[in-house]
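Structure at a glance
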Amino acid sequence: MTKYLLPGVLVAVPVVLALLGPMFASEDTTKDVAFLLGGGHLFGTDFLGRDVANEVLLGGRSLVVTALTATACTYLLAVPMGLVAGMTRSRLLDEVLMRPLDVLLAMPSMLMLLLLAALAPGNMWVLVGVVALINLPDVVRISRAAALSLSTRPAVEAMRLQGEHRARIAVSYVARAMRRTLAADLGTRLTGAVYLAASASFLGVGVAPGASDWAAMVDRNRTGLFLQPWAVVVPAVLIVVLSVGVNLLFDRWLRNRDVNFLEAR
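This section reports on the structure supplied with the text.

So, about helix α2 (residues 52-87). Here α2 spans 52 Å end to end across 36 residues, near enough to the 52 Å set by a 1.5 Å rise per residue. The largest bend in α2 is about 30 degrees, located at G59. The backbone nitrogen of A53 has a side-chain oxygen 3.3 Å away, supplied by the residue at the start of α2, namely D51.

Below, the discussion takes up a nonpolar patch on the surface. Where nonpolar side chains cluster on the molecular surface, the patch consists of L37, L225, F226, W230, V233 and V237 and spans about 600 Å² of accessible area. Within the secondary structure, L225 sits in the loop between α9 (214-221) and α10 (230-264).

Positionally, N221 belongs in helix α9. For N221, the residues in contact, after removing those within four places along its chain, are F35, D46, F47, A231 and V232.

The tally for this structure, following the rule as stated, stands at ten salt bridges. One salt bridge connects D94 with R144, and the closest N-O pair in it is separated by 2.8 Å. Pair noted here: D94 is in helix α3 (residues 91-106) and R144 is in helix α5 (residues 124-151), with a separation of 50 residues, a long-range link. Residues R99 and E95 are paired through a salt bridge, measuring 2.6 Å at the closest nitrogen-oxygen approach. Pair noted here: R99 and E95 are both in helix α3, with a separation of four residues, about one helical turn.

Along the chain, T71 falls in helix α2. Filtering out sequence-adjacent residues up to four positions away, T71 remains in contact with L186, R189, L190 and A193.

A separate point is the packing of aromatic side chains. Tallied over the entire structure, the rule returns one aromatic pair. Ring centres of F43 and W230 lie 5.8 Å apart, and the angle between their planes is 50 degrees; on these two criteria the pair is classed as tilted. In this pair, F43 sits in the loop between α1 (5-24) and α2 while W230 sits in helix α10, placing the two residues 187 residues apart along the sequence. A residue is classified by how much of its surface remains accessible, and F43, at 25% relative accessible area, is partly exposed. Classification of W230 as partly exposed rests on a relative accessible area of 40%.

To continue, consider helix α4 (residues 109-117). Buried residues of α4: M112, L113 and A117, and no others. Down the axis of α4, the buried set is contained in an arc of 100 degrees. They therefore lie on one face. Looking at the buried positions of α4, the neighbouring elements they touch are α3, α5 and α8 (179-203).

Let us look at the nonpolar core. Residues V56, L113 and W214 are the most contacted members of the largest nonpolar core, which totals 34 residues. Within the residue set of this core, elements represented by two or more residues are α1, α2, α4, α5, α8, α9 and α10. Per element, the largest residue contribution to this core is seven residues, and it comes from α8. Beyond its immediate sequence surroundings of up to four residues, W214 is in contact with P14, L17, A18, V56, G59, G60, L63, V64, P235, L238 and I239. Core analysis: the next-biggest nonpolar cluster, separate from the first, contains 22 residues, M87, M98, L150 and V156 among them.

Where α3 meets α5, the axes come as close as 9 Å, and the angle between the chain directions of the two elements is 135 degrees. As judged from the angle between their axes, α3 and α5 are oblique. Considering how the two elements wind past one another, α3 and α5 form a crossing that is left-handed. Listed contacts from α5 to D94, M98, L101, D102, L104 and L105 of α3 are L133, L136, P137, D138, V140, R141 and R144. Looking at the contact of α3 with α5, its residues break down into eight nonpolar, no polar and five charged.

What counts, and at which threshold
- Residue numbers here run from 1 along each chain, matching the order of that chain's written sequence.
- Where totals are concerned, whole chains, interfaces and linings use all residues; where local detail is concerned, this predicted model gives features only for residues with pLDDT of at least 70, and gives and counts side-chain atom pairs only at 80 or more.
- Note that the side-chain values use all heavy atoms of the structure and ignore hydrogens as well as water.
- To qualify as a helix, a DSSP run of H or I must reach at least 4 residues; to qualify as a strand, a run of E must reach at least 2; elements of each kind are numbered from the N terminus.
- Residue count minus one, scaled by 1.5 Å, sets the expected span of a helix.
- Consider a residue and the seven residues that end there alongside the seven that start there; fitting an axis to each set, the bend is the angle between those axes.
- Polar contacts, as counted here, are pairs of nitrogen or oxygen atoms within 3.5 Å of one another; within protein the pair requires one atom able to donate a hydrogen and one able to accept it, and residues that are adjacent in sequence qualify only if both atoms are side-chain atoms.
- Like-charged residues within 9 Å of one another, or nonpolar side chains (Val, Leu, Ile, Met, Phe, Trp, Tyr) within 5 Å, are grouped into patches, provided each residue has over 30% relative accessible area and no salt bridge.
- In these tables, accessible area is a Shrake-Rupley quantity obtained with a 1.4 Å probe, and a residue counts as shielded only by the protein chains included in the view.
- By convention in these notes, a salt bridge is any Lys or Arg side-chain nitrogen within 4 Å of a carboxyl oxygen on Asp or Glu.
- Contacts are assigned to residue pairs that have any heavy atoms within 4.5 Å of one another.
- Aromatic rings from Phe, Tyr and Trp, with only the six-membered ring used for Trp, were paired whenever their centres fell within 6.5 Å, and each pair was classed as stacked if the ring planes differed by under 30 degrees, edge-to-face if by over 60, and tilted otherwise.
- Exposure is judged per residue with a 1.4 Å probe applied to protein chains only, and the accessible area is read against the type maximum: over 50% gives exposed, under 20% gives buried, and values in between give partly exposed.
- Comment: arc refers to directions from the helix axis out to C-beta atoms.
- Definition of nonpolar core: a set of buried residues of the types Ala, Val, Leu, Ile, Met, Phe, Trp, Tyr and Cys, connected through side-chain atoms within 4.5 Å.
- To obtain each axis, a line is fitted to C-alpha atoms, and for helices this fit is confined to the stretch in contact; angles are then taken between N-to-C directions over 0 to 180 degrees.
- Orientation labels follow simple angle bins: below 35 degrees gives roughly parallel, above 145 gives roughly antiparallel, 65 to 115 gives roughly perpendicular, and whatever is left gives oblique.
- Each helix crossing is assigned a hand: it is left-handed if the near helix lies turned anticlockwise from the far helix by less than a right angle, otherwise right-handed if that turn is clockwise.
- Just so you know the grouping, Ala, Val, Leu, Ile, Met, Phe, Trp, Tyr, Cys and Pro go in nonpolar, Asp, Glu, Lys and Arg go in charged, and all remaining residues, Gly too, go in polar.

Coordinates in, geometry out; function isn't part of it.
Shown next, in the form of structure tokens:
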């Protein structure tokens with residue numbers, strides 16, 4: 001379990017800070033001098049004179065919740081679609097499912113993010129839907145490829161000869177066998193969702209003007225980077241730590257499963 005200690009800490013710190021931070025944030029809205037170092041402020045003040053530590057406590061929930069929710073929505077939609085496309089014998093159904101996703105895949109993600117999120121700026125649930133939509137084609141294609149590969153295995157053919165229903169085969173065998181492939185992709189996909197949510201906030205379409213957000217803090221305070229670096233460094237480090245920790249955690253988990261599988265053989 002010690003191998004999970006470092007990635008677990010890297011993930012836990014920003015996630016706990018994001019989810020529980022608002023409970024410990026001060027309700028005092030008094031502003032001080034902009035970009036002030038010290039003066040009774042642990043990490044100084046931001047471009048409006050607000051306490052950076054307090055903004056950090058308030059600003060993580062929107063980013064983390066958006067990324068986690070969007071990733072969950074992506075997989076809830078994409079995995080069943082990929083299973084159906086990979087297991088079906090109907091080329092028409094496969095085309096109907098996959099061709100619209102190819103159109104989405106061809107569109108630049110940042111362009112989609114700007115166009116769709118700008119329709120309702122500051123609405124977190126719109127941003128969740130946009131991030132999920134951007135990631136959907138990739139996850140569907142990965143799920144479909146995995147299902148296609150697994151559907152040709154002798155075990156699947158044997159279950160078909162025994163009269164097992166195609167849906168039961170897909171759920172009881174193929175979907176379970178896809179777990180390792182999807183787990184390997186999940187770490188990358190969650191990191192991508194964090195990047196997209198942070199980019200939206202950085203571009204001003206992810207959060208309401210003036211709202212606390214780690215990515216928005218990086219953008220708003222970059223003009224004072226050399227005067228008061230903590231207002232940029234602290235939220236930026238938390239975003240990077242979360243991304244690195246997620247990928248490292250899934251990498252260690254998959255490697256441990258491979259070792260256990262080889263030992264079992």
